[in-house]
Amino acid sequence: MAQGLTKKSEDFSQWYNEIVRRAELADYAPVRGCMVIRPYGYALWENIQATLDRRFKETGHQNAYFPLFIPHSFIQKEAQHVEGFSPQLAVVTHGGGEELEEPLVVRPTSETIIGHFFAKWISSYRDLPLLVNQWCNVVRWEMRPRLFLRTSEFLWQEGHTAHASLEEAEAEARLILDIYAEFAEKEAAIPVIQGRKSESEKFPGALVSYTIEGMMGDRRALQMGTSHNLGQNFARAFGIQYLDRDNQLKYCWTTSWGVSTRLIGAILMVHGDDQGLILPPRLAPIQVVVVPIYKSAEERTQVLEVCRRVQEALGGRVRLKVDDRDEYTAGWKFNEWELRGVPLRIEIGPRDVAAGQVVLARRDVPGREGKWAVPLSGLVEEVEKALEDIQRDLLRRAREFRDAHTHHPQDWEGFREAVEDGFAFAPWCGDAGCEAEIQAETKATNRCLPLDQPQLPAGAKCVRCGRPARETALFARAY
RNA sequence: CGGAGAGUAGCGCAGCCUGGUUAGCGCGCAGCGUUCGGGACGCUGAGGUCGGCGGUUCGAAUCCGCCCUCUCCGACCA
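Cut-offs applied
Numbering of residues starts from 1 in every chain and runs along the sequence as written. Chain labels run from A onward and ligand labels from 1 onward, assigned in the order the entries are written. The predicted nature of this model means local features are confined to residues of pLDDT at least 70 and side-chain atom pairs, given and counted, to a pLDDT of 80 or more, with totals for whole chains, interfaces and linings taken over all residues. As a convention, hydrogens and water are excluded, and side-chain values are obtained from all of the structure's heavy atoms. Secondary structure elements are defined from DSSP: runs of H or I of at least 4 residues count as helices, runs of E of at least 2 residues count as strands, and each element is numbered from the N terminus. Two things to know: the radius of gyration comes from C-alpha atoms, and the globule rule equals 2.2 Å times the number of residues to the power 0.38. Whether a residue is buried, partly exposed or exposed follows from its accessible area with a 1.4 Å probe, protein chains only, as a fraction of its type maximum: under 20%, in between, or over 50%, in that order. Any two residues having at least one pair of non-hydrogen atoms within 4.5 Å are treated as being in contact. Shrake-Rupley sampling with a 1.4 Å probe provides the accessible areas, and residues are treated as covered by the protein chains on show and by no other component. Two residue types count as positive, namely Lys and Arg, and two as negative, namely Asp and Glu; His and chain ends fall outside the count. To locate a charge, the coordinates of NZ of Lys, CZ of Arg, CG of Asp or CD of Glu are taken. A cavity here means a set of 1 Å grid points, computed over protein atoms only, where a 1.4 Å probe fits but cannot escape. A pocket is an open set with protein on both sides within 12 Å along at least 5 of 7 lines, and lining residues have an atom within 4 Å of a point. Grid points are joined across faces, edges and corners, and a volume is the space filled by probe spheres set on the points. Residues are grouped as follows: Ala, Val, Leu, Ile, Met, Phe, Trp, Tyr, Cys and Pro are nonpolar; Asp, Glu, Lys and Arg are charged; all remaining types, including Gly, are polar. Any pair of nitrogen or oxygen atoms within 3.5 Å is treated as a polar contact; in protein, a donor-acceptor pairing is required on top of that, and neighbouring residues in sequence qualify only through side-chain atoms on both sides. Distances are taken per atom, and a residue is near a molecule or strand as soon as one of its heavy atoms is within 4 Å of it. At least two bridges found by DSSP between two strands are what make those strands a pair. The axes used here are C-alpha line fits, helices contributing only the stretch in contact, and every angle between their N-to-C directions lies in the interval 0 to 180 degrees.

## Overview of the overall build of chain A
Part 1: For chain A, the count of helices and strands is 14 helices and 23 strands.
Part 2: For chain A, the C-alpha radius of gyration of 25 Å lies close to 23 Å, the compact-globule estimate for 479 residues.
Part 3: In terms of overall dimensions, chain A has a C-alpha envelope of 80 × 60 × 45 Å along the principal axes.
Part 4: Sorting the 479 residues of chain A into buried and exposed places 54% on the buried side.
Part 5: Look at the contacts in chain A between residues 6 or more apart in sequence, and 69% of them connect residues 24 or more apart.
Part 6: Taken as a whole, chain A presents about 21200 Å² of accessible surface, with 48% of it coming from carbon and sulfur.
Part 7: Side-chain charges of chain A comprise 59 positive and 68 negative groups, with the mean position of each set lying 2 Å from the other.

What follows is the structure, encoded as structure tokens:
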């Protein structure tokens, strides 16, 4: 086990804080709630960005950039939006040494400023749909920050689109949700539940909010991405109108959607173990680390020569690092790279040189069980296959874990036990008061109303109040 | 913002209760030598506004007040 690392099973929060810092992903900033994302953590974010950005562009979206500062009056134009975000706003009152005429809000999200411009840019049905995205930082004042999961400033992407009909906006919101879910499973190796947020949980100003919810290693839920059908709420607030084919002036239907650096937290909490991080190969900044093993100078020369050849063979195909630092022993490096979550290690020592082979070691399979020798001749294929196997097994393992802690209680007693253990899919009446009582009594919140609705049994009753159930909801304790 | 805990070398901690030479320990760091298939070892050395400000005192890491930061638990949230 890693030196001095708190065990995941003993204190999950402590474990999380330690691996984030010891793996050199992030550091605390001098300002409360803010963090520094270190190069290794940022490289992970860049890989997340790259794969999402490709998907956004493939579906017709273009990147743009809108300003950090938003006139205070903008935020107040949409009633629910103001109410939802006011407590979290950072407001700039001074600039250039003088008090500003109108305070500036540091964007908590950009619906308002983008709405303002959409109104200017859209005049005809021919301008629709308008599909933009921006990668940026946002600020939401946080009472209780946690690295990556909840910081006052965080990085994200926010997509904003305008459409000619409710149906198109709805289709957009759902398309993006599918992209998020596909990203989570294929890239981050995290299975997610797609669902609709209840009235009390939805985005301030949205008609409908969709979410992907994942189960973390402590069996708590994490919202990993949201996509909102904003209806005409922001269009009306900002005058986003177009002249339709029938020469009628109509309000647009808009959407917004985002995922943030919180995803990094999710990846850590889903896959990590007592040794540290386990990064899914498709997102890992370093997919393969080569560790040379030698005693004498002569052995060193021979081993490093093989390392060089391995780098040449694999370097263009996988993200690879040769750790040829002389000042650390091989065993030390094994632990170090395991802590940092590199999915596959290649060990090369004198015995391997003599045998014309190398030893591969899977991060997700500890000890001898995860090690095997591979002849140099077949290395490229074997490494690529191993990375695919690891990616697939991480998802499978995460899914098995989630499913083992997912329950379908039909009564209150069963429900209480279920949310103690993990996810509870339960019949629910749809009433916000009932939802609040459930939270007050169990700490579990309504995560979503799953899109994939199980058939409710005839005469199903709300798990809490006993009134007729309207649909199945997913309840869990959440971040 | 309410409750609890913490802040002393890069990291982890002791010292504080009971004020008093030069503030210690482990790891890490630097140099040299021996090592190297799962976190090696020896010797030498560098490194401190004791979180900040103010107070009490002949004297404060130690006592008092205010503030800042972090962690955990609550209310709010991507």
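## Quick notes on the layout of surface pockets
Part 1: The volume enclosed by the largest pocket comes to roughly 1200 Å³.
Part 2: As for the largest pocket, its lining consists of 41 residues, of which Arg140, Gln223, Thr226, Arg262 and Tyr479 are closest to the centre.
Part 3: Looking at the lining of the largest pocket, the elements with two or more residues in it are helix 4 (79-85), strand 8 (153-163), strand 11 (221-231), strand 14 (253-260), helix 8 (262-271) and strand 22 (445-450).
Part 4: Residue composition of the lining of the largest pocket, by class: 13 nonpolar, 17 polar and 11 charged.

## Observations regarding the side chain of Gln287
Part 1: With respect to the helices, strands and loops of the structure, Gln287 is situated in the loop between helix 8 and strand 15 (288-292).
Part 2: According to the relative accessible area criterion, Gln287 is buried, its value standing at 10%.
Part 3: Of the polar contacts made by the side chain of Gln287, one reaches the backbone oxygen of Pro281; its length is 2.9 Å.
Part 4: Within the structure, Gln287 has its side chain in polar contact with the backbone nitrogen of Arg319 (distance 2.7 Å).
Part 5: If near-sequence neighbours (up to four positions away) are discounted, Gln287 is found in contact with Pro281, Val318, Arg319, Val342, Pro343, Leu344 and Leu387.

## Concerning unusual backbone geometry
Part 1: In this structure, the amide linkage connecting Leu128 to the following residue, Pro129, adopts the cis form with an omega of -5 degrees.
Part 2: The topology assignment puts Pro129 in the loop between helix 5 (111-121) and strand 7 (130-139).
Part 3: Not every positive phi belongs to a glycine, and Phe148 is a case in point at roughly 70 degrees.
Part 4: Among the secondary structure elements, Phe148 is positioned in the loop between strand 7 and strand 8.
Part 5: Phi angles above zero are rare outside glycine, and Asn247 is one such case at about 65 degrees.
Part 6: Turning to its location among the elements, Asn247 is positioned in the loop between strand 12 (241-243) and strand 13 (249-251).

## Things to note about the protein's contact with RNA strand B
Part 1: As a structural note, the neighbourhood of RNA strand B is formed by 43 residues, with Arg144, Thr151, Trp332, Glu338 and Arg345 the closest of them.
Part 2: Expressed as a percentage, the sugar and phosphate content of the atoms of RNA strand B within 4 Å of the protein is 44%.
Part 3: Taking Glu347, its side chain carries an N or O atom lying 3.5 Å from a base nitrogen of RNA strand B.
Part 4: Taking Pro350, its main chain carries an N or O atom lying 3.1 Å from a base oxygen of RNA strand B.

## Brief notes about the sheet that holds strand 4 (residues 69-71)
Part 1: As summarised here, the arrangement of the 3 strands in space is 4-6-5, forming an open sheet in which the pairing is antiparallel. Both edges of this open sheet fall to strand 4 and strand 5 (90-95), since each of them pairs with a single strand only. The mean angle between the axes of side-by-side strands here comes to 50 degrees, regardless of whether they run parallel or antiparallel.
Part 2: As paired strands, strand 5 and strand 6 (residues 98-106) are joined by 5 bridges and run antiparallel to one another. Opposite Val91, over in strand 6, you have Val105 as the bridge partner.

## Describing the sheet that holds strand 18 (residues 357-362)
Pairing between sheet strands relies on hydrogen bonds along the backbone, with the strands arranged either parallel or antiparallel.
Part 1: Strand order in this open sheet of 5 strands is 16-15-17-18-19, and the pairing throughout is mixed. In this open sheet, the two strands that pair with only one neighbour each are strand 16 (320-322) and strand 19 (371-375). Ignoring strand direction, the axes of neighbouring strands in this sheet form an average angle of 25 degrees.
Part 2: In terms of strand pairing, strand 18 meets strand 19 through 5 bridges, oriented antiparallel. The residue bridging Val359 from the neighbouring strand is Ala373, located in strand 19.
Part 3: The strands touched by helix 10 (residues 330-339) are strand 15, strand 16, strand 17 (344-348) and strand 19; relative to strand 15, the strand with the most contacts, the crossing angle is about 170 degrees.
Part 4: The strands that helix 12 (residues 379-404) touches are strand 15, strand 17, strand 18 and strand 19; relative to strand 18, the one it contacts most, it runs at about 5 degrees.

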